[in-house]
Structures are given as C-alpha cells and as structure tokens.
Amino acid sequence: MIGDIKMQRRWNRVRISAFLILLGSFAFFLHARDWNTASRLVLTYAIVDHGTVCLDGYERQTGDIARFQGHYYGDKLPGFSLAATIPYGVGKAAAGFEPHPRGVEGLKFWPADAWITLATSGVATAATAILLMGLARDLGCPPGRASLIGLVYGLATPAYVYATLAYGHQLSALCLLASFYLLHRPPVARRSDGWRMAAAGFLAAYAAVVELQVGPVSAILGLDLLAQCLGRRRPGMDLASFAVGAAIPTLILLGYNLLAFGSPWEMGYFHHATEEFARVHSRENPLGLRPPDLRLILPLLWGEHRGLLFYAPILALAPIGWIALIARGRISMGLVSFAASAAIFVVNLSYPEWTGGWSTGPRLLTPLLPFAMIPVAGLLGATSAGRMGRGVFLIAGVLAVWGAAVILLCQGVGARIPQDIARPIRDFVWPIWTGRNTAPGWWSSEPFARNLVSARFPRWVASLPADLKGIQFLPLVLAQGVAIGVLSLLMGRSEPEGGSRPGTSSDLGIDQEQERRRADQDAEDPEAESERADPDPGP
C-alpha cells in the first residue's frame, strides 16, 4: 500500500512536469492575429471591457464578423470567447491590461492576446495531453510510454500549432476527451454516478458551443452512455444526469443568441458581413455542409498539402491500435474513439473550405487528434514488453521525431500557410528557414513567427544572416530537451519500464471493472466463486 502511494505520487510529479513542459513550449510563440483568432478575441474584450456582446468599434479588427440590424457581432459560436473571459478578467486584475481600443485599424498584436491564448488554447492542449497519459496508463502503458503519448500529442502533431492560436479546436478537443474520459471511468458499483455523468454531459455539449462541427461527436458520446445503460453497466439515472449537464451549455448558447440576435434560434453564421463567408454559411445550412466528397479522402490522409499522416505521423499506428483495443476486450473504448474520429473526418469531407484556409496541416481535423491517439496508446500498452514491444516503441519514437520536426518548422514561420501552396514545406517553409525566401510573412511583416527570443532581443535576431535566423528557436529546443531528460529521470524512478503492476493507476480501471463483473457473477452463482481462477495480472 505504501509503495503504491509512493508510485502514485511520483506519477503525479511526472504528469505535472509534462504539463509544464507543454505549457512552456506553447508560451514561447507569440503569433500575430488573423481574422479567425481576432473574431474570438474581440468578443472576449467586448464582454470584459464593456459588458456587451456587441462588437461595434471592433469591425476593422476582423472580416470574420456578423452584421445584424446595423450592429456587429461575432460570427463564431461563443464558447471559446466566453471561456476566455475568465483568464482575461484575472489577467486584467493582476497585470492591469488596458481595455482593447475600439475604432482603430486592425492590430497585429495586443498585449493581452498572448495571455488569453495561452490560458485557453494552451492550457486546454496541455490538459488534453495529461488526460491521454491517464488513458494510456489505464491501457497498460508504463510511465515512459504513457508520457510519450502525451508529449507527442502536444509537440508532434498539429495540436502544437493550435495550442498557440486562439482557435476553438483545442478547447473543443479537451471538452470531448474529458467527457469520454469520465464516461469510461469504472462505475461505482451499481449506484448512480450523477455528478460525474453531469460533468460528462456538460463537457460534451460545451464542445459544440465552442465549435458546432463537433456536434456529431457530442451525440456519439451520449449514445455511448445510452449503450452502457442499456447494457446495465450503468444505472439509468446516469443518463438523466448526463442530459441535465448537457442542458446547461445548450441554454448558454440559446441565451447568447437571444442577447445578440433577438432570438435563441438565430446565429452569427446567418448574418456574415463578409461576402465570401456568406456564400458558404446560411440559415438553412449554418456550416455550409454538402454530401461528403470522397475524392478528398486521400489528400486529407496523406500528402504535404493537408495530409493528416504527414503532419501527425504517429497516427499511422492508430489502425493497428484500434484492432489491438478490440482484441484486448476494450471494445467500447475502441469503437467510440473510432466513431468520434470518423465523424470529424466525414464533416471535413463535407465542408466546402476543406483545406481550413491559411493553416498548418488539416486544421479542421484537429479535434480528432486525441481520439486517434487512444488506439496508439492501446498499441503501446499491448506491446509493453519483449522484442516486439521495443520495436513498436522505436517506430513510435521515429514517427514522433518526424512529426515534431515538421510541426516546429511550420510553427517557426507563423503556422498560417496559404492553402493554395500545394507543397508547403518545400515551397514555403523550408525556403524561409534556409534563407532562400526572405519575403515578409503574412501579417507579422517578418519571415519568422514572433517569439520570446525575438521579442526580447529584436536587434540580435535582426542582425542574424537570413540562413541563420532559425537560431532564435534553439533556446526552445534546448530547453525542451533538458526538460524531457529530467522527466525521463522521474519516470525511471516511478516504475520499471517493463509493464504495469496490478493495483497501480495504469490498470486500475481494468481491475475495478473485472472486480465489478466478478461480484455480479458471484451474486448470481455463489458456488462459482471457488472454482474460478484469478486472471493473469500481467501487463
């Protein structure tokens, strides 16, 4: 018992360390605004600075805006902006942020932008990584492999890019994964787990208040709980608790629509002020969806343009991982994570602007990343020992390095890469890093993204030759290397790498589920208890 407590404390230190590594990596970048980020940020400023959802005076900050009855409002769903009011309010009180000016031309930067972005997108991404580490432990991953899952998600997939931008992708991904995590915790005997199910419902629904396109995943999570209740794995009252929790974000959205547009059924998508967006979104079809274009499957899965596996190569292990989950009896976890990933993919196939505009990788697929990392964790957990296990771990490490390199290259040049460049790395990113393309980048008027080094030492960075300006990112890479090295030492002390021990957090969920089923069987057939052998407590 004492040993288990010590190991749990060490594992907690590992998780905290991983969280800080990720948050520090995200804080390094101080990206310029674009229309998408400005649209969400100015709504936060309007609410906190002026107590209104009306964006009059902010309309020159973004073309991503709605116009209704002569006034301007946000065209996005309000979930991100509402969540961001909390860190902005705290930062304003603690750091004395000035109110955002109104009636001025579009700004590249505003002092509070970086803080809001880090405290929402950044924290959401780091928290998602920690949840993935917990799920990985539940699936049998030893500490090193579980930490790899979290760090790869945060640093070697497009999640790294969108952790540093005020888009809604990372907050919606956190909400969805956290809801999934709660739904797949072992139930407490046969009693209703009301508060946890209400939280799961709230998170599932709030994800759709952040980004409407993830609504199908919210529905899948609700169906997952329904299946658990029908299968008597959870009491029916849990479904009612989930519904109550989901009603709260729904009412928040309806209330916002009523306040902004005079009706709970109106939305910013119906009133785009910019013609190019109005042609896609409408009252009849808020997201502008069409039947899935199957010709986009290959471009969205592979290729330098918008290929998921090019920008998140670790996900090449996901198909085998889903098979491993099913084979190991984690059928619900495997099916739900696959269904969530597939739903987001189909929505992207159905969206006219499928490239995601100026972005890194397949931007609109970003919310599926944590769900696709679950089978990767399942595969690493299923092969945690032996020669095959070492081989899988080596392949995962190589894919992780590839992904981290590609994402850092894109981050360094501002992350928003025009969608009409068919070969972003070869024709846009790499020429900038090697000094062959010194043309100003978009918005920032500089080839490389603004960051802590260039903001602190602008003259030194400006004096560097064009082919050596990438040196400004060396402190980030060195700091990450040292921090991950320290984390490795913590992991080495927390538990042997050969597998999971019975009773620890890594297999706690499996053990509790086995104990619950065993108790149910014993209640039905008491004589069977003495004849049944305990299951193999291996990894």
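Description of the structure in this document. All residue numbers here refer to positions counted from 1 along the written sequence of the relevant chain. Local features are withheld for residues below a pLDDT of 70 in this predicted model, meaning they are given only at 70 or higher, and side-chain atom pairs are given and counted only at 80 or more; totals for whole chains, interfaces and linings count all residues. To get the side-chain values, all heavy atoms of the structure are used, and hydrogens and water are removed first.

## A few points about the overall build of the protein chain
Worth spelling out the cut-off: A run of H or I in DSSP becomes a helix once it reaches four residues, and a run of E becomes a strand once it reaches two; helices and strands are each numbered from the N terminus. Only protein chains enter the area calculation, which uses a 1.4 Å probe; residues under 20% of their type maximum are buried, those over 50% are exposed, and those in between are partly exposed. Any two residues having at least one pair of non-hydrogen atoms within 4.5 Å are treated as being in contact.
Across its full length, the protein chain holds 22 helices and 2 strands. Counting across all 539 residues of the protein chain, residues that qualify as buried make up 56%. Partitioning the intrachain contacts of the protein chain with sequence separation of at least 6 by distance along the chain shows that 74% fall at a separation of at least 24.

## Here's the deal with the environment of Y58
By the secondary structure assignment, Y58 is in the loop between α2 (35–50) and β1 (65–68). For the pair Y58 and L43, spaced 15 residues apart in the sequence, the C-alpha separation amounts to 8.8 Å.

## Topic: the nonpolar core
Most often, soluble globular proteins have nonpolar side chains that are buried together. Keep this limit in mind: The term nonpolar core refers to a set of buried residues drawn from Ala, Val, Leu, Ile, Met, Phe, Trp, Tyr and Cys, joined through side-chain atoms within 4.5 Å.
Grouped together as the largest cluster of nonpolar side chains are 148 residues, with contacts concentrated most on F180, I314, L315, I374 and V429. Once you skip the residues sitting within four places of it in the chain, L315 turns out to touch L308, L309, L369, A372, M373 and V376.

## Re unusual backbone geometry
Phi is positive for Q69, close to 50 degrees, though the residue is something other than glycine. Assignment of secondary structure puts Q69 in the loop between β1 and β2 (71–74). Overall, Q69 belongs to the exposed group, its relative accessible area being 68%.

## Side note on the pattern of salt bridges
The cut-off we apply is this: The salt bridge criterion pairs a side-chain nitrogen of Lys or Arg with a carboxyl oxygen of Asp or Glu, the two atoms within 4 Å.
Counted according to the given criterion, the structure contains 12 salt bridges. The residue E105 makes a salt bridge to R60 at a minimum N-O spacing of 2.7 Å. In this pair, E105 sits in the loop between α3 (79–95) and α4 (111–138) while R60 sits in the loop between α2 and β1, placing the two residues 45 residues apart along the sequence. With a relative accessible area of 52%, E105 lands in the exposed category.

## Focus on the environment of S332
Looking at the secondary structure, you find S332 in helix α15 (residues 331–349). Beyond its immediate stretch of four places on either side in the chain, S332 contacts H184, D224 and R233.

## Observations concerning helix α14 (residues 318–327)
Rule in force here: Arc, as used here, means the arc of the directions from the helix axis to the C-beta atoms.
Within α14, the full set of buried residues consists of A318, G321, W322, A324 and L325. Each buried residue of α14 lies within a common arc of 160 degrees when the element is viewed along its axis, so the set occupies one face. The exposed set on the far side of α14, more than 90 degrees from its buried face, consists of I323 and A327. Looking at the packing, one finds that the buried side of α14 touches α15 and α16 (369–382). One or two residues past the end of α14 sits G329, with phi positive at roughly 90 degrees.

## Things to note about the pairing of β2
Which entries qualify depends on this criterion: Paired strands, in this sense, are two strands between which DSSP finds at least two bridges.
Pairing between β1 and β2: 4 bridges, direction antiparallel. If you follow R67 over to β2, its bridge partner there is Y72. Between β1 and the antiparallel strand that follows it, β2, lie 2 residues; Q69 among them carries a positive phi value of about 50 degrees.

## Concerning helix α17 (residues 386–412)
Rules: A helix is expected to reach a length of 1.5 Å times the quantity of its residues less one.
Taking 1.5 Å per residue, 27 residues should reach 39 Å; α17 reaches 39 Å between its end C-alpha atoms and fits that length. Just downstream of α17 lies G414, where phi reads positive at about 105 degrees.

## So, the environment of S282
Residue placement: S282 occurs in the loop between α11 (275–278) and α12 (297–301). Overall, the relative accessible area of 23% leaves S282 in the partly exposed class. Separated by 12 residues in sequence, S282 and F270 have C-alpha atoms that sit 5.0 Å apart. Those residues within four positions of S282 in sequence are excluded, and the remaining contacts are Y269 and F270.

## Focus on the side chain of S454
Spelled out, the test is: Any pair of nitrogen or oxygen atoms within 3.5 Å is treated as a polar contact; in protein, a donor-acceptor pairing is required on top of that, and neighbouring residues in sequence qualify only through side-chain atoms on both sides.
Along the polypeptide, S454 turns up in helix α19 (residues 452–456). Using a relative accessible area of 12% as the deciding quantity, one classes S454 as buried. Looking at S454, its side chain comes within polar contact range of the main-chain nitrogen of N451, at 2.9 Å. In this view, S454 contacts A449, V461 and Q472; residues no more than four positions away in its chain are not counted.

## Remarks on the packing of aromatic side chains
Using the following cut-off: Here is the rule: rings of Phe, Tyr and Trp (six-membered ring for Trp) pair when centre to centre is within 6.5 Å. Planes less than 30 degrees apart are stacked, more than 60 are edge-to-face, and the remainder are tilted.
Per the stated rule, a full pass over the model turns up 21 aromatic pairs. Between F28 and F473, the aromatic rings sit 6.1 Å apart at their centres with planes inclined by 55 degrees, giving tilted as the arrangement. Remark: F473 occurs in the loop between α20 (458–463) and α21 (474–494) and F28 occurs in the loop between α1 (2–27) and α2; sequence separation between them is 445 residues. Like F473, F28 is buried.

## A closer look at the packing of α4 against α16
What counts, and what does not: Fitted lines through C-alpha atoms serve as axes, helices being fitted only where they are in contact, and the angles separating the N-to-C directions of these axes extend from 0 to 180 degrees. Roughly parallel here means an angle under 35 degrees, roughly antiparallel means over 145, roughly perpendicular means 65 to 115, and every remaining angle is called oblique. Each crossing gets its hand from how the near helix is turned against the far one by less than a right angle, where anticlockwise is left-handed and clockwise is right-handed. Charged means Asp, Glu, Lys or Arg here, nonpolar means Ala, Val, Leu, Ile, Met, Phe, Trp, Tyr, Cys or Pro, and polar covers whatever is left, Gly included.
For the pair α4 and α16, the least separation of the axes is 10 Å and the interaxial angle reads 30 degrees. Viewed along their axes, α4 and α16 adopt a mutual orientation that is roughly parallel. Here α4 runs over α16; the crossing is right-handed. Judged by residue contacts, T128, L132, L135 and A136 of α4 engage P370, M373, I374 and A377 from α16. Looking at the contact of α4 with α16 residue by residue, the class counts come to 7 nonpolar, 1 polar and no charged.

## Here's the deal with the side chain of T274
Locating T274 in the fold gives a position in the loop between α10 (237–261) and α11. Residue T274 is classed as buried on the basis of its relative accessible area, which comes to 15%. Not counting the four nearest positions on each side in its chain, T274 is found in contact with W35, G63 and I65.

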